[in-house]
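Tertiary structure, described
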Amino acid sequence: MASEQAQHTPPQPAHKSALVAECIAESLRALSAGSLLAVRVVYTVDHPVDSLTPRRRLSHFHAENTLSRRALVLVLQDACLVAGLEVREFVTLRIEAQGTRPPQTCMAVDCCIEKLDTSGELAGRMPLARALVAGYLRSLHRYSAALNVSAAGVHLFARAQPEYLFAKSKGNAGKRILDDLNLVKWWQSTLQFALEYASHGSHPSACSESAAAGGRTAVVNCIVPGSTMRDSPWFFGKDDCAGSNEGVARVRSVDWRWGLPYPLNVRAHDCVLQFPDDPITRLLSEEHSSVWSVSALLDMLSVSEECGSGHRTAYFSASLPLYSGTCTQASSSASCSTASQGHLSLEDYDKALIALFDQEMDFSNTESARLSSKRLMEYLDSNFDIPAIDVETAGPATTRGPIQDAKVCELPVVNDLSTMVRKKRKATS
């Protein structure tokens, strides 16, 4: 019986590229009126992967199966690439049995935001990248609700780099550059916006406090390796948040908490999720890490090559709550049919990435960016069935509210490493 159950795989309700594209298009449509955009989603088939906690120790029977998929979202304006988002999604089915009790099953949904970038070619000032993240999380919310899980995990490692998706875009005069600390602040305000939008399906300003109070609260953990809450005043720096207790900030319907979402004294391998191409995963792959607690892992992160030596980075881990009755079918509001959007094999997905990262791609100026965009779209059109969804923005003029302002640029860009001296993280019990 146990062997049969160990072969179970997670169900595969349709988090199709059509749903992702539609939710993102809906989010972009709410931007200031007057822009014509297009959305393309490159999506893979589900494929089995290793556990996100591969060296977890349990004293009872435990089996799990994890499926993963990858997605690349591209946004164009006037046939020129202006923004991109790459994510990985994981669905894990666990089966546990203790003693003579019947086996218990549980399911977890997690996504890892790997890359977010802009090319510098967006005409007009609008929070496009923020709306892109919000639309994607809305699609994750709608998909996860069908799996009958209580919450979906959203994880990212914020690290400033000159460019993630668009080659040579760091030289584009239209690309706004954020240093590492302002990038962390931008992600804090963006997740605040995106989680509220994903939960309620509308702009956060349209969600009343009573409506937010009627549902469960999203929780976001944040940690800057090598820093403490005391030397990170920006964590509580928003005018509309108040500290409810030490290490917790309440901002509308989101609770912000300092630290990783795991007890400090627990063995790191037993609880910390390990995502591909991540500093935590690389540290925990070392043999001597088997005895590290979460606290020890944070200490090692603070002096690691990627998070120490003057680098200011941040881990964000959010729990997006799901409410009963919120799972709805994809509407037909998209301006063109997405039913034919297929899923690529991993090999074909890698080929699409290679085409994007080709050495001839150049987003340093408008002319070369348009040529590079044309080259990539022709490759996708000639090899895969990935039609675009056209989006005409129809929202009100952008106003600078508490969510939109946040004292950082509205366009995220990824540059610059700070040389600020940071204090050593104090040990906590």
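Residues numbered from 1 in each chain as written. Predicted model: local features only at pLDDT ≥ 70, side-chain atom pairs only at ≥ 80, totals over all residues. Heavy atoms only, no water.

**Considering empty space enclosed by the protein**
One water molecule sets the probe size; rolling that probe over the atoms shows where empty space is left. Going through the model one piece at a time under the given rule, you end up with 3 cavities of 30 Å³ or more. For the largest cavity, the calculated volume is near 170 Å³. The wall of the largest cavity is formed by 18 residues, among which His 155, Phe 275, Ile 280, Tyr 315 and Phe 316 lie closest to the centre. Taken together, the elements giving at least two residues each to the lining of the largest cavity come down to β6 (151-158), β7 (218-223) and β11 (314-321). The class makeup of the residues in the lining of the largest cavity is 13 nonpolar, 4 polar and 1 charged. (1 Å grid on protein atoms, 1.4 Å probe; cavity = no way out; pocket = protein on both sides within 12 Å on 5 of 7 lines; lining within 4 Å. Points joined across faces, edges and corners; volume = space filled by probe spheres on them. Helix = DSSP H or I, 4+ residues; strand = E, 2+ residues; numbered from the N terminus. Nonpolar A, V, L, I, M, F, W, Y, C, P; charged D, E, K, R; others polar.)

**Focus on the side chain of Ser 35**
Note that Ser 35 resides in the loop between α2 (17-29) and β1 (36-43). In contact with Ser 35, not counting residues within four places along its chain, are Gln 77, Met 126, Val 391, Glu 392 and Thr 393. (Contact = heavy atoms within 4.5 Å.)

**Considering unusual backbone geometry**
Phi is positive for Ala 79, close to 65°, though the residue is something other than glycine. Its place among the elements puts Ala 79 in the loop between β3 (61-77) and β4 (80-97). On the basis of relative accessibility, which here comes to 56%, the residue Ala 79 falls in the exposed class. With a phi close to 60°, Asn 148 is a non-glycine residue in the positive phi region. With respect to the helices, strands and loops of the structure, Asn 148 is situated in the loop between α3 (128-145) and β6. (Buried < 20%, exposed > 50% of the residue type's maximum accessible area, 1.4 Å probe, protein only.)

**Side note on the nonpolar core**
By size, the foremost hydrophobic cluster in this structure holds 94 residues, and its most contacted members are Leu 28, Leu 128, Leu 137, Trp 187 and Phe 316. The contacts of Leu 137, once residues within four sequence positions are left out, are Cys 111, Val 154, Ala 194, Leu 195, Ala 198 and Leu 320. Grouped together as the second largest cluster of nonpolar side chains are 26 residues, Leu 76, Leu 81, Met 361 and Ala 369 included. (Core = buried A, V, L, I, M, F, W, Y, C linked by side-chain atoms within 4.5 Å.)

**Some thoughts on the packing of α3 against helix α4 (residues 180-200)**
Packed helices, taken two at a time, are described by the angle between their axes plus the distance between the axes. Here α3 crosses α4 at 40°, and the two axes come no closer than 8 Å. Classed by the angle they form, the pair α3 and α4 counts as oblique. As for the relative orientation of α3 and α4, their crossing is right-handed in sense. Residues Ala 129, Arg 130, Val 133, Ala 134, Gly 135, Leu 137, Arg 138 and His 141 of α3 lie in contact with α4, whose contacting residues are Trp 186, Trp 187, Ser 189, Thr 190, Phe 193, Ala 194, Leu 195, Tyr 197, Ala 198, Ser 199 and His 200. (Axes fitted to C-alpha atoms, helices over the stretch in contact; angles between N-to-C directions. Parallel < 35°, antiparallel > 145°, perpendicular 65-115°, else oblique. Left-handed = near helix turned anticlockwise from the far one by under 90°.)

**Section: the pattern of salt bridges**
The full count for this structure, using the stated rule, is 15 salt bridges. Close ionic contact of Arg 69 with Asp 46 constitutes a salt bridge, the shortest N to O distance being 2.6 Å. Of this pair, Arg 69 sits in strand β3 while Asp 46 is found in the loop between β1 and β2 (47-49), placing the two residues 23 residues apart along the sequence. Note that Glu 89 is salt-bridged to Arg 69, the shortest N-O span being 3.0 Å. Here Glu 89, found in strand β4, pairs with Arg 69, found in strand β3; they are 20 residues apart in sequence, far enough to count as distant. (Salt bridge = Lys/Arg side-chain N within 4 Å of Asp/Glu carboxyl O.)

**Here's the deal with the pairing of β7**
Counting buried residues along β7, 6 of its 6 residues qualify, which places the element largely inside the surrounding structure. Residues of β7 alternate between two faces, with Ala 218, Val 220 and Cys 222 on one and Val 219, Asn 221 and Ile 223 on the opposite face, all of them buried. The pairing of β7 with strand β10 (residues 254-258) spans 5 bridges and is parallel. For Asn 221, the partnering residue across the bridge sits in β10 and is Arg 257. Summarising the sheet, β7 and β11 pair through 5 bridges and their orientation is antiparallel. (Pairing = 2+ DSSP bridges.)

**Details of α3**
With 18 residues, α3 extends 26 Å from end C-alpha to end C-alpha; this agrees with the ideal 26 Å at 1.5 Å per step. Across the 18 residues that make up α3, a large majority, 18, are buried. (Expected span 1.5 Å × (residues − 1).)

**A look at α2**
Helix length check: α2 (13 residues) gives 18 Å between terminal C-alpha atoms against 18 Å at 1.5 Å per residue, within 8%. Considered for burial, the residues of α2 that qualify are Ser 17, Ala 18, Leu 19, Val 20, Ala 21, Glu 22, Cys 23, Ile 24, Ala 25, Ser 27 and Leu 28. On its buried face, α2 is in contact with β1, β3, α3, α4 and β12 (389-392).

**Topic: the packing of α2 against α3**
Running from N to C, α2 and α3 cross one another at 135°; their axes reach a closest spacing of 8 Å. With respect to α3, the element α2 is oriented oblique. The handedness of the crossing between α2 and α3 is right-handed. For the pair formed by α2 and α3, the contact residues are Leu 19, Val 20, Glu 22, Cys 23, Ile 24, Glu 26, Ser 27 and Leu 28 on the first element and Leu 128, Ala 131, Leu 132, Ala 134, Gly 135, Tyr 136, Arg 138, Ser 139, Arg 142 and Tyr 143 on the second.

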